[in-house]
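# Coordinate analysis (summary)
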Amino acid sequence: MSKTATLDAAAAKPSFWRRWRFHLSALLLILPIIYVPKYFDNLALSRGLMGLGQRPAGALDVGPWKLKFAEWKVEPPQSDPAGMVKTFTMAQCEGCKDQIRAVYVRVGKPRSLRAAGSIFFGSPHRAFATVPIPPRTAPDAELWVTAEGWDGSVHQAAWPLAMASPATVEWLKKQGASR
């Protein structure tokens, strides 16, 4: 047997591996390109370039103040150690930024100011609140927004959950929630 014949037989195996290495390297270049648009969408959302959130939910008059709300992400409630939660954002009107002390939101009417719900935190231009969604919430439930002024006044307004988050209402219907 000649020396060239044995070298050719041994070289066939590495060429197969080299071919697959080429395909794997091409795959490693293509996969990041697939995820780049989602990365830039998330970056624009967190920088505020897409507004308050992915879905503007509208404005609500709470006493003398007008507050704008949005769903942070258009998706069903997410699991959390506290249960299922949904994140909303809020912006205060230009004239009321110095008058509002705190804004709270919860599912169902609060019994008192001590049980007003989740507090919005952040700047007056974009504040966040993570609202727990109780397991037996009805799809026609309301979110109650409570605004407390620096002068001690407290104002409340009801906000239908269907307007605030249609994705949450659809999720509740799939869960078969009822009162």
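Refer to the structure above for everything that follows.
This write-up is about the structure you can find in this document. (Residues numbered from 1 in each chain as written. Predicted model: local features only at pLDDT ≥ 70, side-chain atom pairs only at ≥ 80, totals over all residues. Heavy atoms only, no water.)

## Here we look at the overall build of the protein
The helix and strand tally for the protein stands at three helices and 10 strands. The secondary structure elements of the protein, listed N-terminal to C-terminal, are α-β-β-β-β-β-β-β-β-β-β-α-α. Taken over 179 residues, the protein has a buried fraction of 35%. Across the protein, contacts joining residues at least 24 apart in sequence account for 60% of those joining residues at least 6 apart. Of the accessible surface of the protein, which amounts to about 11,500 Å², a share of 60% is contributed by carbon and sulfur atoms. (Helix = DSSP H or I, 4+ residues; strand = E, 2+ residues; numbered from the N terminus. Buried < 20%, exposed > 50% of the residue type's maximum accessible area, 1.4 Å probe, protein only. Contact = heavy atoms within 4.5 Å. Areas by Shrake-Rupley, 256 points an atom, 1.4 Å probe, with all protein chains shown as cover.)

## A few points about the pairing of strand S10 (residues 154-160)
Both strand S9 (residues 142-149) and S10 contribute to a ladder of seven bridges, which runs antiparallel. Within S10, the position partnered with Glu 142 by the bridge is Pro 160. Counting the residues that bridge the hairpin from S9 to S10 gives four residues, and of these Gly 152 lies at a positive phi of roughly 95°. (Pairing = 2+ DSSP bridges.)

## Let's talk about the nonpolar core
With 29 residues, the main nonpolar core has Leu 67, Phe 69, Val 103, Phe 120, Leu 143, Val 145 and Trp 159 as its most contacted residues. Ignoring anything within four residues of it in the chain, the contact list for Trp 159 reads Ala 57, Leu 60, Phe 69, Phe 88, Glu 142, Leu 143, Val 145 and Ala 164. (Core = buried A, V, L, I, M, F, W, Y, C linked by side-chain atoms within 4.5 Å.)

## Regarding helix H3 (residues 166-175)
Three or more residues of H3 are buried, namely Ala 167, Thr 168, Val 169, Trp 171 and Leu 172. Just past H3, the residue Gly 176 takes up positive phi, approximately 75°.

## Focus on the side chain of Lys 86
Checked against the element boundaries, Lys 86 lands in strand S4 (residues 83-92). A polar contact is formed between the side chain of Lys 86 and the side chain of Glu 71, at a distance of 2.9 Å. In terms of polar contacts, Lys 86 uses its side chain to reach the backbone carbonyl oxygen of Glu 75, at 2.5 Å. Here Lys 86 is in contact with Glu 71, Lys 73, Glu 75, Ala 129, Thr 130, Val 131, Ile 133, Ser 165 and Thr 168, once residues within four sequence places are set aside. (Polar contact = N/O pair within 3.5 Å; in protein donor to acceptor, adjacent residues only side chain to side chain.)

## Section: the pattern of salt bridges
Tallying each qualifying case throughout the model produces five salt bridges. For the salt bridge of Lys 86 with Glu 71, the shortest nitrogen-to-oxygen distance reads 2.9 Å. One end of the pair, Lys 86, is in strand S4; the other, Glu 71, is in strand S2 (residues 65-71), and 15 residues separate them in sequence. Both residues of the pair, Lys 86 and Glu 71, belong to the buried class. A salt bridge links Glu 148 to Arg 101; its shortest N-O distance comes to 3.5 Å. You can see Glu 148 sitting in strand S9 and its partner Arg 101 sitting in strand S5 (residues 100-107), a full 47 residues away along the chain. Residue Glu 148 is classed as buried on the basis of its relative accessible area of 11%. Bridged by salt links that share partners, the residues Arg 55, Glu 71 and Lys 86 form one connected network. (Salt bridge = Lys/Arg side-chain N within 4 Å of Asp/Glu carboxyl O.)

## Some words on the state of the cysteines
Scanning the model with the defined rule gives one disulfide in all. Disulfide pairing places Cys 93 opposite Cys 96 at an S-S distance of 2.2 Å. In this structure Cys 93 comes out as partly exposed when scored by relative accessible area, which is 23%. (Disulfide = S-S within 2.5 Å.)

## Describing the packing of aromatic side chains
For the coordinates displayed, the defined rule picks out six aromatic pairs. Plain terms: the ring middles of Tyr 39 and Phe 40 are 5.4 Å apart, the flat faces sit at 65° to each other, and that makes the pair edge-to-face. A centroid spacing of 6.2 Å and a plane angle of 35° characterise the contact between Phe 121 and Phe 128, whose relative ring orientation is tilted. Clustering of aromatic rings is evident, with ring pairs tying together Phe 69, Phe 88, Phe 120 and Trp 159. (Phe/Tyr/Trp six-rings, centres within 6.5 Å; stacked < 30°, edge-to-face > 60°.)

## Quick word on the sheet that holds strand S6 (residues 118-119)
Judged by pairing direction, the sheet is antiparallel, and its four strands sit side by side in the order S6-S5-S9-S10 without closing on themselves. If you trace the sheet from one side to the other, it starts and ends with S6 and S10, each paired once. As defined by bridge partners, S5 adjoins S6 across two bridges and the pair is classed as antiparallel. Following the sheet pairing, Val 105 is matched in S6 by Ser 118.

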